[in-house]
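Overview (structure and organization)
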Amino acid sequence: KESIMDGVNYKDEMPSEDPDDSIAKTALHKLKEERKTLPIYPYREQLLQAVQDHQVLVIVGETGSGKTTQIPQYLHEAGYTKRGQVGCTQPRRVAAMSVAARVSQEMGVKLGHEVGYSIRFEDCTSEKTIMKYMTDGMLLREFLSEPDLASYSVIMVDEAHERTLSTDILFGLVKDISRFRKDLKLLISSATLDAEKFSDYFDSAPIFKIPGRRYPVEIHFTTAPEADYIDAAIVTVLQIHVTQPPGDILVFLTGQEEIETIDEILKHRTRGLGTKIAELIICPIYANLPTELQAKIFEPTPEGARKVVLATNIAETSLTIDGIKYVVDPGFCKIKSFNPRTGMESLLVNPISKASAMQRAGRSGRTGPGKCFRLYTAYNFQNDLDDNAVPEIQRTNLANVVLTLKSLGINDLVNFDFMDPPPSEALLKALEQLYALNALNSRGELTKTGRRMAEFPLDPMLSKMIVASEKYKCSEEVYNSWKETNYSTQWCYENYIQVRSMKRARDIRDQLEGLLERVEIEPTSNLSDLDAVKKAITSGFFHHSAKLQKTGAYKTVKNPQTVYIHPSSGLAEVLPRWVIYHELVLTTKEYMRQVIELKPEWLIEIAPHFYQMKDVEDAAATKKLPRGKGRAAD
Ligand code: ADP
Ligand code: MG
């Protein structure tokens, strides 16, 4: 062998083409062929014709039929991107990123060039971008700088059935601009059959149906309710793995913590199974998962192994993972709910709707017959689940939306064209909250503070906190001790913080810094005067105050309710007398997450319009409190 090789000049023997390049070409060709196998492909011409004939089109097609990845490409191929961008909204950040990545691959272009995405705190687009995937919230913010969306030729409001708050508001805004921008095409696409409702809302827009391909799905219920669905999910996954023919498993969970727990337990238990059992590859997917790891769920499963995807609701309709044959559905999801009477919002684990359960089951029958294991009884399904989920607009704090609409010049919120109007009580509460935060004046008009707050893509309480940092001269504080160590990893370990979280914090901070400059707030520092930082936080979050009880529980000051400090908090052992919390999460108890210690007199100093002496009485006995009237002077 050696003698044959001798004297051979390898370079001359190689094909002149770069081998990497030809591999890329083959992959691209393969992707092109794959595109043609999607259910939407035979309807390409008809669909383009319908878009040409109508300004607004409602598109319905089962998940995985190719709506999100293909329609914008068809529009591009038909020339729509010559007149402006094609924008496609997604309710979820991960979906926007992942779909944009896929489309850029299919088109053989670099992500961020012709195909890009834009999500909060991350803009992956450029001058070149003609197809833009973005969260619905980001498009909403674009209205602030471009009220007629002049840079777009088509807007596709995708996953319309999700009915997120931002999507619902977008409906009203795009419907409005479509009246005077006759050249703007609007596509409303949905995975479920409530298309009539969208059509009615958009002045009887025609409905384009993409027939799906679906295989039968065998549904299994449990015979008795499960006490612990986490445990039941783990057992079910292992049973499928050991007893069922090849095919990947998809498990629906409610959030990152749950996914991480199950991930660990599954890893531990499969280690003990021995080599006779096939390998089980565990792939988590949730919003905060780093991008590199997100891509892993789409990698084909190696021969002889089985993949189990641990996902949040994101895998219900937003993302399609090929190869799933088994679905495990515990029947829960996490939703935000708001009580307009108390003004309190909490993140709750709730039973899903029948429509969701159906969607989840359907994920197993996309490429062949599937099986769905529901971890609840048939009786539960029939009697305890609602038909459809309540749209977010009817169960959320509207302060953010009201602030955005006000800054768009929409003052008459009662007559805004909502598909399903929010409860008037919730609208009123939002106005009250914005007034208390000094974002609106007594006539309901935006104040200077409110205008500044609207610039920040944050909840009004957070943006008020940031704007208030000007007054307390602490806009720089937050994370300086990390910066002083030159962003060291060691510092993160010593302080029990994930490096990844700090890096993300740095990115977000950079952007917020840019926004501070826009609203003309100078970065200032008080040399670590912690009280100043706490006061700035209190300026935004004074609604969220709580006082320690003899029992070790806390009571919220306004609308008394019993709450506890989350055990993961550094203050859980300390139990300060007064605290401010960031949010309430109901798990086994109503927990306050992210807590700071508060001096009760600050409540009167900072929010005299909201708190009276009697609210902070026990403090009054020991300290003389400043008396205030009217609103905080900021
Ligand atoms: P729909 O929007 O109708 O639910 P999609 O356009 O999202 O359908 O999906 C079409 C196909 O593209 C599916 O087979 C899906 O598996 C594939 N796909 C979508 N995103 C990715 C991705 N990031 N990586 C690999 N395949 C993907
Ligand atoms: Mg889609």
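Cut-offs and rules
Residues numbered from 1 in each chain as written. Chains lettered and ligands numbered in written order. Predicted model: local features only at pLDDT ≥ 70, side-chain atom pairs only at ≥ 80, totals over all residues. UniProt positions renumbered as here; feature names shortened; annotations may be inferred. Helix = DSSP H or I, 4+ residues; strand = E, 2+ residues; numbered from the N terminus. Rg over C-alpha atoms; globule rule 2.2 N^0.38 Å. Contact = placed C-beta atoms within 7 Å. Core = buried A, V, L, I, M, F, W, Y, C linked by C-beta atoms within 7 Å. Buried ≥ 20, exposed ≤ 12 C-beta atoms within 10 Å, placed from the backbone. Pairing = 2+ DSSP bridges. Axes fitted to C-alpha atoms, helices over the stretch in contact; angles between N-to-C directions. Near = placed C-beta within 6 Å. Nonpolar A, V, L, I, M, F, W, Y, C, P; charged D, E, K, R; others polar. Parallel < 35°, antiparallel > 145°, perpendicular 65-115°, else oblique.

- In the nomenclature of an unreviewed UniProt entry, the chain is known as RNA helicase of Musa acuminata subsp. malaccensis.
- Under the UniProt heading Catalytic activity (unreviewed entry), the note attached to the chain is "ATP + H2O = ADP + phosphate + H(+)".

A short note on the overall build of the chain
- What the chain contains, in helices and strands, is 25 helices and 21 strands.
- Computed over its C-alpha atoms, the radius of gyration of the chain comes to 27 Å, within 12% of the 26 Å expected for a compact globule of 634 residues.
- When the backbone C-alpha atoms are referred to their principal axes, the chain occupies close to 95 × 70 × 65 Å.
- For the chain, the share of sequence-separated contacts (at least 6 apart) that also reach a separation of at least 24 residues comes to 71%.

Description of the nonpolar core
- Counting residues in each nonpolar core, the largest one holds 147 residues, and the members touching the most others are Val 58, Val 251 and Val 309.
- Sorting elements by how many residues they give to this core places helix H6 (residues 93-107) first, with eight residues.
- With near-sequence residues (within four places) excluded, Val 309 lies in contact with Asp 248, Leu 250, Val 251, Cys 283, Ile 285, Ile 297, Ala 315 and Ile 321.

Considering the environment of Lys 36
- Counting through the fold element by element, Lys 36 comes out in the loop between helix H3 (19-35) and helix H4 (44-53).
- In sequence terms Lys 36 and Gln 70 are 34 residues apart; their C-alpha atoms lie 9.9 Å from each other.

A look at the sheet that holds strand S1 (residues 56-61)
- With mixed pairing, eight strands are arranged side by side in an open sheet as S4-S3-S5-S2-S6-S7-S1-S8. The strands lining the two open edges of the sheet, one partner per strand, are strand S4 (122-124) and strand S8 (207-210). The average undirected angle you get between the axes of adjacent strands in this sheet is 20 degrees.
- Lying on the sheet, helix H5 (residues 67-77) is in contact with S1, strand S2 (85-90), strand S5 (131-135), strand S6 (152-157) and strand S7 (185-190); it crosses S2 at an angle near 170 degrees.

Describing the pairing of strand S3 (residues 115-119)
- In terms of burial, S3 is largely enclosed, as five of its five residues are buried.
- Every second residue of S3 is oriented toward a common face, with Val 115, Tyr 117 and Ile 119 on one face and Gly 116 and Ser 118 on the other, all of them buried.
- As paired strands, S3 and S5 are joined by four bridges and run parallel to one another. Paired with Gly 116 across the bridge in S5 is Lys 132.
- Bridging between S3 and S4 involves three bridges; their strand directions are antiparallel. When the bridges of S4 are listed, Tyr 117 appears paired with Cys 124.

Section: the site of ligand 1
- Around ligand 1 sit 17 residues, and of these Lys 67, Thr 68, Thr 69, Arg 102 and Phe 298 come closest.
- Those elements that place two or more of their residues in the shell around ligand 1 are H5 and H6.
- Tallied by class, the residues present in the shell around ligand 1 amount to four nonpolar, 10 polar and three charged.

What to know about the sheet that holds strand S13 (residues 324-329)
- With respect to topology, six strands assemble into an open sheet ordered S9-S16-S13-S10-S12-S11, the strand pairing being parallel. Either end of the sheet is taken by a strand with one partner, and the two such strands are strand S9 (217-220) and strand S11 (280-285). Taking the axes of each pair of neighbouring strands and ignoring which way they run, one obtains an average angle of 20 degrees across the sheet.
- In terms of strand pairing, S11 meets strand S12 (residues 306-311) through six bridges, oriented parallel. Residue Pro 284 lies in a different strand from S12, and its bridge partner there is Leu 310.
- Helix H11 (residues 256-271) contacts S11 and S12 of the sheet and is inclined by roughly 170 degrees relative to S11.

So, the packing of helix H16 (residues 399-407) against helix H17 (residues 424-436)
- The N-to-C vectors of H16 and H17 enclose an angle of 75 degrees; their axes lie 8 Å apart at closest approach. On the basis of their axis angle, the class for H16 and H17 is roughly perpendicular. Note on element contacts: H17 touches H16 through Ala 430, Leu 431, Gln 433 and Leu 434, opposite Ala 399, Val 402 and Leu 403.
- By residue class, the composition of the contact of H16 with H17 is six nonpolar, one polar and no charged.

Focus: unusual backbone geometry
- Residue Lys 473 is not a glycine yet carries a positive backbone phi of 50 degrees.
- With respect to the secondary-structure elements, Lys 473 resides in the loop between helix H19 (460-468) and helix H20 (480-484).
- Accessibility expressed as a C-beta count within 10 Å gives 17 for Lys 473, which makes it partly exposed.

Observations regarding the pairing of S1
- In terms of residue burial, S1 counts as a mostly covered element, since six of its six residues are buried.
- Of the two faces of S1, both are covered, the one formed by Val 56, Val 58 and Val 60 as well as the one formed by Leu 57, Ile 59 and Gly 61.
- Across five bridges, S1 lies against S7 in parallel orientation. Bridge assignment links Leu 57 to a residue of S7, and that residue is Leu 187.
- Pairing of S1 with S8, which is carried by four bridges, proceeds in the parallel orientation. Note that in S8 the partner of Val 58 across the bridge is Ile 207.

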